[in-house]
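Residue-level structural notes
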Amino acid sequence: MSEYNPASIEPKWQKFWSENKTFKTDDTDKSKPKYYVLDMFPYPSGAGLHVGHPEGYTATDIIARYKRMNGFNVLHPMGWDAFGLPAEQYAVKTGTHPKITTERNIEGFRRQLQALGFSYDWDREVNTTDPAYFKWTQWIFLKLYEKGLAYQADVPVNWCPELGTVLANEEVIDGKSEVGGFPVVRKPMRQWMLKITAYAERLLNDLEMLDWPESIKEMQRNWIGKSTGADISFSLVGIDNKTIDVFTTRPDTLFGATYMVLSPEHPLVEELTTSEQKNEVEAYIEKAALKSDLDRTDLNKDKTGVFTGGFAINPATGNQIPVWVADYVLMSYGTGAIMAVPGHDERDWEFAKKFGIEIVEVIEGGDINAEAFTGDGVCVNSSNSEVSLDDLSVSDAKKTIINWLEEKGIGSGSINYKLRDWLFSRQRYWGEPFPIIHTEDGPKPLPTSELPIELPEVKQYKPSGTGESPLATIEEWVQTTDPETGKPARRETNTMPQWAGSCWYYLRYIDPDYTLGPVDPEKEKYWMPVDLYVGGAEHAVLHLLYARFWHKVLYDCGVVSTPEPFMKLVNQGMILGEMEFTAFKNTAGDYVDAREIDENTEVESVKLTEDQVEKKGDRFVLKGTDTGIDARSFKMSKSRGNVINPDDVVEKYGADALRLYEMFMGPLEQVKPWSMSGVEGVNRFLKRVYRTFIDDKTGKLHDAVKEAEPSKAQLKALHETIKKVSEDIDGFRFNTAISALMIFNNEAMRWDVRPVSIMKDFLLILNPFAPHLAEELWQALGNEQTMSYEKWPVFEAKYLVADEMTYAVQVNGKVRGQITVSMDDHKNKDVVLGLAKAEPSVRRYLDAGTLIKEIFVPGKIVNLVVKG
RNA sequence: GCCGCUGUGGUGGAAUUGGUAGACACGUUGGACUUAAAAUCCAAUGGAGCUUAAAACUCCGUGCCGGUUCGAGUCCGGCCAGCGGUACCA
């Protein structure tokens, strides 16, 4: 008795691949075309791998193995994004050095990944916390600094008292920290910034050359947020040498600007405020400063503001217009001041209504008494002695008014971006130190010969609490000397954010031991750009935008040869937990329909098993009742207790089954719920494949598998499968590729003779999906070498040709019968229609009415239109 | 609110350019093997109707309403629901 036993097969082949360095990438052979297939490297957490990781990793592994067999030189590496908050928080709690935690976690991750049989070149492993790695992260920072793209600024930052650190905008969700969900407040601090805004236009334009999902490109476009309009200067009443400068996308509505608004932080507020208004304005500003970002952008969009008492002059109308302070204008966008056109801007309209400010119509087409009109129309009430916009369309009016503004020297066409500069420092221990010292003359970059700047040992990892990092408490590290002048200096105590290391790791894989720069320029030219990059959609904007930014900077420095790093991007969809059924009981203990529950209803949730429920119409109900229940799957989380551990799956069903199931679940990009019985399903398939080759009574090769001339039907089955699997891998449709493999095996199992030539090709196309089993059976067929570099079978159309084909025959668009036509006649209209009309099941419909039209699509269908 | 994606059996999902909806799996039911179970194998399985039963047949069916077409899951218009992103960006 010998059954399919992944527990013995899989470690055997993992050992073989590792000992023989089967997947070591050869850099010297540049005759082959290259293919660089990259995974988003993981943060090695203490919790280990979850089933979401192997989803993308299996997809790329299939591609990597497929490309190798198709003659490509494949670069398929793996590494660790190992700086980050969790290790540091653990250190704060336990005193364990993050380095130790990180090493332990990496060990775990590596073991888990290797147990899944991924064909990584493990000799290229990188680790962002390795000084030999972050030396070059620091080196790249110096490049940024050199180019004037890194600067210090006092910026209101997201200060999280609980974490004792500052967070990036992206790490703040709904006014709370992404990690831990702690409250975040605004606090001005001296910070390192990266001038990503200088690259806004290129980051936007170059999206067009990328083969990325349109949705991701759109998200990046929205994030960059380009808008076209004009800058306009408004002179002030009683203050001669200053103006309020605004950015507007609607210069065409200038005649309708009836007031202005300054953000509470705007530098001109103080000067404009009259003594009568002083108390009120100061109180308002103080209140606004205390508000967190959450409060300021709260769902509650009720406008607040106060009049400064000051006036500006609308350059178009010459009217004096009041200047207000309101927190609906943000200091961080544009100039921090706006011209308000209540007739044609919803926010201004709302504000003007509330405070009784004049609303003027300057674009025809709406009812400005009822609401702001933001649509297209024709200008009205828009002329003075020098310029008239009346009767012009919005777009013509924009051009005309900008010309006028430029002539007068009080404005010009202008472009603005939502994208802000990147807040690049963190007050943490576990990150890359900045290669910067502070001297009497200000911040100064250290020479590259000093790199890497390593982290000192500290006694405690707690943030200093003042907002400075724990590094600030290590006097002997902070105190240093300027290597150039020998004068005393202080080290920068901030560290870089986790994004830094992940911004360029794909370059380091190309030559992880290179000592003369981040990457060997020769090898870079061969391997870049990354041909395929697979990862989660959660990195749609930030990681991918930051990495693109760094890459462009390196491109400008001549370090890399391509303007974009990642040519094709695929996002895998999240894997949810198993479907859960939940019923609800009210306080009296009676079941209530799920549809009747809103957030005010007090209910108790009751978990149900699958056999306690049934489907009624389009909803699920308690079996035998009419009580609707909730049926859905949830994101896996510890608290919900629905996390699937890949180790358990491997132990029970094997790595090949896990790989296969993750790919069989559905389209890669889609969100899909986990189902353990689905794993059993693919496991059964693998067992059947095993039995197709191996006689389970003897454990030897099955008698049916032998050298023999394949039949026509066998060749057809094989080549159909080769075609389908090849096309589906190319199109990332792994689920349907697996289905084709199943169909083939179901058929092959029934053959009394399974010719070796046929079965070999089947193993070759199975290999990318279930490599352990494929190698095992390949060996059982008498092969001694790994199959990883065998040539991928070529599909030949000649084997697919059938002798006859079946046409569906429709009457009035409904299928009423089928006819079989020989291949010789299948395009012969008379023959096909004759057979169709003679078919008894069709005949009846013809007899019942009059045939008025015959539709014949060769190779597809027959449709007869009958009337009466 | 705005932008994007997705709605197909009891479940996950298939279905080239519009051409036999439900491939492949899961689950369920029945059967075979077995002392029994597991494993394995075979068969049935969208819903409703008709029929003693079977075969055959009929009607309905891809979120909803309408349209184009000989023919629509697929194309067009209008909705609804779920998910993701974003949110006073001037």
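In the block above lies the structure referred to throughout.
This is a predicted model, so every value here is computed, not measured.

1. As for the overall build of chain A
From N to C terminus, chain A includes 26 helices and 37 strands. With the C-alpha coordinates aligned to their principal axes, the bounding extent of chain A is approximately 100 × 85 × 70 Å. Classification of the 868 residues of chain A by burial places 52% in the buried group. As displayed, chain A has an accessible area near 39500 Å², and 49% of this comes from carbon and sulfur atoms. Positive and negative side-chain charges in chain A, numbering 99 and 131 respectively, have mean positions lying 5 Å apart.

2. Digging into the environment of Phe234
Mapped onto the elements of the fold, Phe234 is located in strand β10 (residues 226-236). What makes Phe234 buried here is its relative accessible area of 0%. The residues contacting Phe234, other than those within four sequence positions of it, are Thr243, Ile244, Val246, Leu254, Met260, Ala312, Ile313, Asn314, Pro315, Ile321 and Met339.

3. Some details on helix α11 (residues 346-355)
Every buried residue of α11 is accounted for by Asp348, Trp349, Phe351 and Ala352. Projected down its long axis, α11 shows its buried positions confined to an angular sector of 170°, all on one face. Check the buried side of α11 and you find it contacts β12 (259-262), β14 (320-325) and β15 (337-340). Within two residues after α11, Gly356 carries a phi angle of roughly 65°, on the positive side.

4. A few points about helix α2 (residues 53-69)
Look at α2: 25 Å from first C-alpha to last across 17 residues, which is about the 24 Å you get at 1.5 Å a residue. Across the 17 residues that make up α2, a large majority, 17, are buried. One or two residues past the end of α2 sits Gly71, with phi positive at roughly 85°.

5. A short note on the environment of Ser414
Inspection of the secondary structure puts Ser414 in strand β16 (residues 411-417). Spatially, the C-alpha atoms of Ser414 and Lys791 are 58 Å apart, while their sequence positions differ by 377 residues. Look past the residues within four positions of Ser414 in its chain and what remains in contact with it is Ser227, Thr228, Gly229, Ala230, Asp231 and Phe247. A polar contact is formed between the side chain of Ser414 and the side chain of Asp231, at a distance of 3.2 Å.

Cut-offs used in this document
- Residues numbered from 1 in each chain as written.
- Chains lettered and ligands numbered in written order.
- Predicted model: local features only at pLDDT ≥ 70, side-chain atom pairs only at ≥ 80, totals over all residues.
- Heavy atoms only, no water.
- Helix = DSSP H or I, 4+ residues; strand = E, 2+ residues; numbered from the N terminus.
- Buried < 20%, exposed > 50% of the residue type's maximum accessible area, 1.4 Å probe, protein only.
- Areas by Shrake-Rupley, 256 points an atom, 1.4 Å probe, with all protein chains shown as cover.
- Lys, Arg positive; Asp, Glu negative; His and termini not counted.
- Charge placed at Lys NZ, Arg CZ, Asp CG, Glu CD.
- Contact = heavy atoms within 4.5 Å.
- Arc of directions from axis to C-beta.
- Expected span 1.5 Å × (residues − 1).
- Polar contact = N/O pair within 3.5 Å; in protein donor to acceptor, adjacent residues only side chain to side chain.

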